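Structural characterization, general
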Amino acid sequence: MTSFDPRKARELLDFYLDSGVETLVGETPVMRFAAATMALPAGKDPPRAMAAPGSSVDLARAAPGARQANALPAPEEAVMAAREAAKSAATLDELRAILDRFEGCGLKATATQLVFADGNPSARLMLVGEAPGRDEDIEGRPFVGRSGKLLDRMLAAIGLDRSSVYIANVVPWRPPGNREPSPHETAICLPFIRRQIELCDPEILVCLGKPSMQTLLEINDPISKARGRWFSYHTGKREIRAMATFHPAFLLRSPLQKRLAWRDFLAIKKALDG
Ligand code: URA
């Protein structure tokens, strides 16, 4: 029997943290590949390493958590379900309640709570980031951490605050360890943020950072090239003036770029005043 070594345990925990593993989702390990073996067509053998009799991936003995993984709908099904669910929301409150009940995105399982929006739903300016981080996950509001504080200062510089803007994210659940949302997770969340924009119906939409710009404006240029220019965002009912600017988290790492972001914010102010 191996004895418990606190130093080794500490090292292992540090390794997990460095790798971005910081959320406990269950007491027993789960073999996620078990879900893949479930989906194999009849007559197809699973890879030997996964099918070894008596191994932890023996499906008959799969841990309860493995069933949880299987409970997620197939990717296209989840996107279809998200489209239907988002369409059915007549108000922002309804959309929030629908999202809170939605089980099609795996991120919900590891997030503490839904991070839907902050600010004024009647605002003329809506800002959309990528996904909540740790602070947002704890508080349930977007942009409340360090980058949020910088965003508040940038808004204050053009005479705005959270009572005069509406803020949301493309993905409303925190990805574990602050990793990037996968393309599949983003695709599932897209109908919801699109409906959120349509229901908020701002005069101006600002994408904070490249992932938000790519997803909402479908622009693949580097953000350094596309930022500060006006584009059209189509809600399906009307066109909204849209601009992308640097994400505040990037500005914290690259303070010299703040002067360009300042130009963008001045252009936004001018558009609101004009
Ligand atoms: N970064 C984002 O994109 N959104 C947040 O809410 C916080 C940080």
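Reading guide: rules and limits
Residues numbered from 1 in each chain as written. Predicted model: local features only at pLDDT ≥ 70, side-chain atom pairs only at ≥ 80, totals over all residues. Heavy atoms only, no water. Pairing = 2+ DSSP bridges. Helix = DSSP H or I, 4+ residues; strand = E, 2+ residues; numbered from the N terminus. Phe/Tyr/Trp six-rings, centres within 6.5 Å; stacked < 30°, edge-to-face > 60°. Buried < 20%, exposed > 50% of the residue type's maximum accessible area, 1.4 Å probe, protein only. Core = buried A, V, L, I, M, F, W, Y, C linked by side-chain atoms within 4.5 Å. Contact = heavy atoms within 4.5 Å. Near = heavy atom within 4 Å. Polar contact = N/O pair within 3.5 Å; in protein donor to acceptor, adjacent residues only side chain to side chain. Nonpolar A, V, L, I, M, F, W, Y, C, P; charged D, E, K, R; others polar. Patch = residues over 30% accessible without salt bridge, like charges linked within 9 Å, V, L, I, M, F, W, Y side chains within 5 Å. Areas by Shrake-Rupley, 256 points an atom, 1.4 Å probe, with all protein chains shown as cover. Salt bridge = Lys/Arg side-chain N within 4 Å of Asp/Glu carboxyl O. Expected span 1.5 Å × (residues − 1). Lys, Arg positive; Asp, Glu negative; His and termini not counted. Axes fitted to C-alpha atoms, helices over the stretch in contact; angles between N-to-C directions. Parallel < 35°, antiparallel > 145°, perpendicular 65-115°, else oblique.

**So, the sheet that holds strand 4 (residues 204–208)**
- The strand order across the open sheet formed by 6 strands is 1-3-2-4-6-5, and the pairing between neighbours is mixed. At either margin of the open sheet sits one strand with a lone partner, and together these are strand 1 (118–119) and strand 5 (230–234).
- Relative to strand 6 (residues 239–245), strand 5 is paired through 5 bridges, and the arrangement is antiparallel. Considered in strand 6, the bridge of W230 is made with M243.

**Things to note about the packing of aromatic side chains**
- According to the stated counting rule, one finds 2 aromatic pairs in the structure shown.
- Judged by centre distance (5.0 Å) and plane angle (65 degrees), the ring pair of F102 and F192 falls under edge-to-face. Highlighted residues: F102 in the loop between helix 6 (92–101) and helix 7 (107–110) and F192 in helix 10 (residues 183–200), separated in sequence by 90 residues. Accessibility assignment for this pair places F102 and F192 in one class, buried.
- When the ring of F246 is compared with that of F250, the centres are 4.9 Å apart and the planes differ by 45 degrees; the resulting orientation is tilted.
- On the basis of relative accessibility, which here comes to 4%, the residue F246 falls in the buried class.

**Some words on the nonpolar core**
- Residues L125, M126, L127, W173 and F192 are the most contacted members of the largest nonpolar core, which totals 66 residues.
- Apart from residues lying up to four places away in sequence, F192 is in contact with A82, A85, A86, L95, I98, L99 and F102.

**Describing the site of the ligand**
- In the region of the ligand, the neighbouring residues are G129, E130, A131, P132, E136, P142, F143, S147, N169 and H247.
- At a separation of 2.9 Å, an oxygen atom of the ligand approaches a polar backbone atom of F143.
- In the model, a nitrogen atom of the ligand is placed 2.8 Å from a nitrogen or oxygen of the N169 side chain.
- Residues belonging to the shell around the ligand are distributed by class as follows: 4 nonpolar, 4 polar and 2 charged.

**Describing a nonpolar patch on the surface**
- Together, L12, L13, F15 and Y16 make up an exposed nonpolar region whose accessible area comes to about 410 Å².
- Positionally, Y16 belongs in helix 1 (residues 6–18).

**Points about helix 14 (residues 258–273)**
- The end-to-end C-alpha distance of helix 14, which contains 16 residues, comes to 22 Å, matching closely the 22 Å that a straight helix rising 1.5 Å per residue would cover.
- Those residues of helix 14 hidden inside the fold are in contact with strand 2 (125–129), helix 9 (146–157), strand 4, strand 5, strand 6 and helix 13 (248–253).

**Observations regarding the pattern of salt bridges**
- Enumeration according to the criterion identifies 14 salt bridges in this entry.
- Across the pair K108 and E103 runs a salt bridge whose closest N-O atoms are separated by 3.1 Å.
- Given the relative accessible area of 22%, K108 is considered partly exposed.
- Because the salt bridges share partners, they merge into one network encompassing D118, E139, R141, D152 and R162.

**Describing the side chain of E136**
- Examined against the element boundaries, E136 turns out to sit in helix 8 (residues 134–139).
- Nearest to the buried, unbridged E136 among oppositely charged side chains is R174, at 7.1 Å.
- Within the structure, E136 has its side chain in polar contact with the backbone nitrogen of V144 (distance 3.0 Å).
- The contacts of E136, once residues within four sequence positions are left out, are V115, R141, P142, F143, V144 and G145.

**Things to note about the environment of L205**
- Counting through the fold element by element, L205 comes out in strand 4.
- Looking at L205, the relative accessible area reads 0%, which means it is buried.

**As for the packing of helix 5 (residues 75–87) against helix 10**
- In contact at an axis separation of 8 Å, helix 5 and helix 10 are set at 10 degrees when each is read in the N-to-C sense. It follows from the interaxial angle that helix 5 and helix 10 lie roughly parallel. Residues P75, A78, V79, A82, R83, A85, A86 and K87 of helix 5 form the contact with helix 10, whose participating residues are H184, A187, I188, P191, F192 and R195.
- Among the residues making up the contact of helix 5 with helix 10, the classes are represented as 10 nonpolar, 1 polar and 3 charged.

Everything listed here is a matter of geometry and, on its own, says nothing about what the molecule does.
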